Amino acid sequence: MQDKIVYLNGEYLPLSKAKISVLDRGFLFGDGVYEVIPAYFGQLFCLEAHLQRLNNSLHGIRLPISLDTKQWLEILQPLLIEGDAQYIYLQITRGVADKRDHAFPEQCEPTIFAMCSEIVPFARDKGVQAITLDDMRWQLCNIKATTLLANILLRQQAVDNACAEAILIKDGYATEGAASNIFAVIDGVLVTPINSNEILPGITRDVIIDLAKVNGISLREDVISLAALQSASEIWLTSSTREILPVTSLDNKPVGNGQVGPVWQTMQKLFQEYKGAIS
Ligand code: PDD
């Protein structure tokens, strides 16, 4: 294991020396939230948007932290490592209580942990396979909670079926991937589900929506029924670590003609240009 320097509660120390108590509520209950913030060429990408979502998640679990963008930057910037593409994993838990009790402890210092990892480059231009699975998660999917057991089981089921992702279906409609948002090209229009408590408000999703608007790509935020998904000419998965990943096979059937589509090609180019321009 690479002994890189990580941040834990005000200290920078080697990963092998970073330890937390077994009474940390993150360990006992998954009582915490996190962010995954990409960095290109040494610059954190969409930092303000990630910090805004972090604050929303913290607010959602009633754990306010009063650090501003400058303070977060001071913590995170020193962690960035050499290379073109990395990501910061930032996790905040409610901290260490003196006993295990579901209810919040009266006094508790949050645990703050951050580390940087490489985004391993991989080819997107062949597309990936995905399967649809029942979305059996909780009702606050807009909170980026560390409590990810349902997402883990769903992703593993996808992997067991030689798929890169599970696309989740709730009441007959696609919500998102186990760790990604979804887009589909339906009758020539790019469609992505509306933000709600059923999906994570993805930062990559927002960038794509803005790029579509600015570049005259017809886009709608709308529900996507399973039937519409099955007949879509293109399907994409989006996230901070996978960027825009085309799905060329859904439930063992080709998406469109089974090749990456023209709308993806256009958006991929726009996204890469945007990354380069703001980094
Ligand atoms: N996950 N939906 C879910 C459930 C996610 O876990 C993620 C990202 C996204 C995409 O959000 P963004 O574009 O802001 O990365 C949507 C991260 C990468 C993870 O858990 O590792």
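In the block above lies the structure referred to throughout.
Only a predicted model underlies this, so the values are computations on that prediction, with no experimental measurement involved.

Draft legend 1. Representation of the packing of aromatic side chains within the structure. Counted according to the given criterion, the structure contains 6 aromatic pairs. A ring pair is formed by Tyr7 and Tyr12, whose centres lie 5.3 Å apart and whose planes are at 65°; its orientation type is edge-to-face. You can call Tyr7 buried: its relative accessible area is 8%. Classification of Tyr12 as partly exposed rests on a relative accessible area of 36%. Linked through ring pairs, Tyr40, Phe45, Phe271 and Tyr274 together constitute an aromatic cluster. Sitting over the face of the ring of Phe104, Arg94 holds its NZ or CZ atom 3.6 Å from the ring centroid.

Draft legend 2. Local environment of the pattern of salt bridges. The tally for this structure, following the rule as stated, stands at 13 salt bridges. Ionic pairing is found between Glu165 and Arg155, a salt bridge with its closest N-O pair at 2.9 Å. In this pair, Glu165 is assigned in strand β8 (residues 165-170) and Arg155 in helix α4 (residues 149-160), connecting sequence segments 10 residues apart. Between Arg205 and Glu221 there is a salt bridge, with the nearest N and O atoms lying 2.8 Å from each other. Highlighted residues: Arg205 in helix α5 (residues 203-214) and Glu221 in strand β12 (residues 219-221), separated in sequence by 16 residues. Take Glu221: its relative accessible area is 36%, and that puts it in the partly exposed class. One network of salt bridges, with partners in common, ties together Arg25, Asp31 and Arg94.

What counts as what
- Residues numbered from 1 in each chain as written.
- Predicted model: local features only at pLDDT ≥ 70, side-chain atom pairs only at ≥ 80, totals over all residues.
- Heavy atoms only, no water.
- Phe/Tyr/Trp six-rings, centres within 6.5 Å; stacked < 30°, edge-to-face > 60°.
- Buried < 20%, exposed > 50% of the residue type's maximum accessible area, 1.4 Å probe, protein only.
- Lys NZ or Arg CZ within 6 Å of the ring centre and 35° of its normal.
- Salt bridge = Lys/Arg side-chain N within 4 Å of Asp/Glu carboxyl O.
- Helix = DSSP H or I, 4+ residues; strand = E, 2+ residues; numbered from the N terminus.

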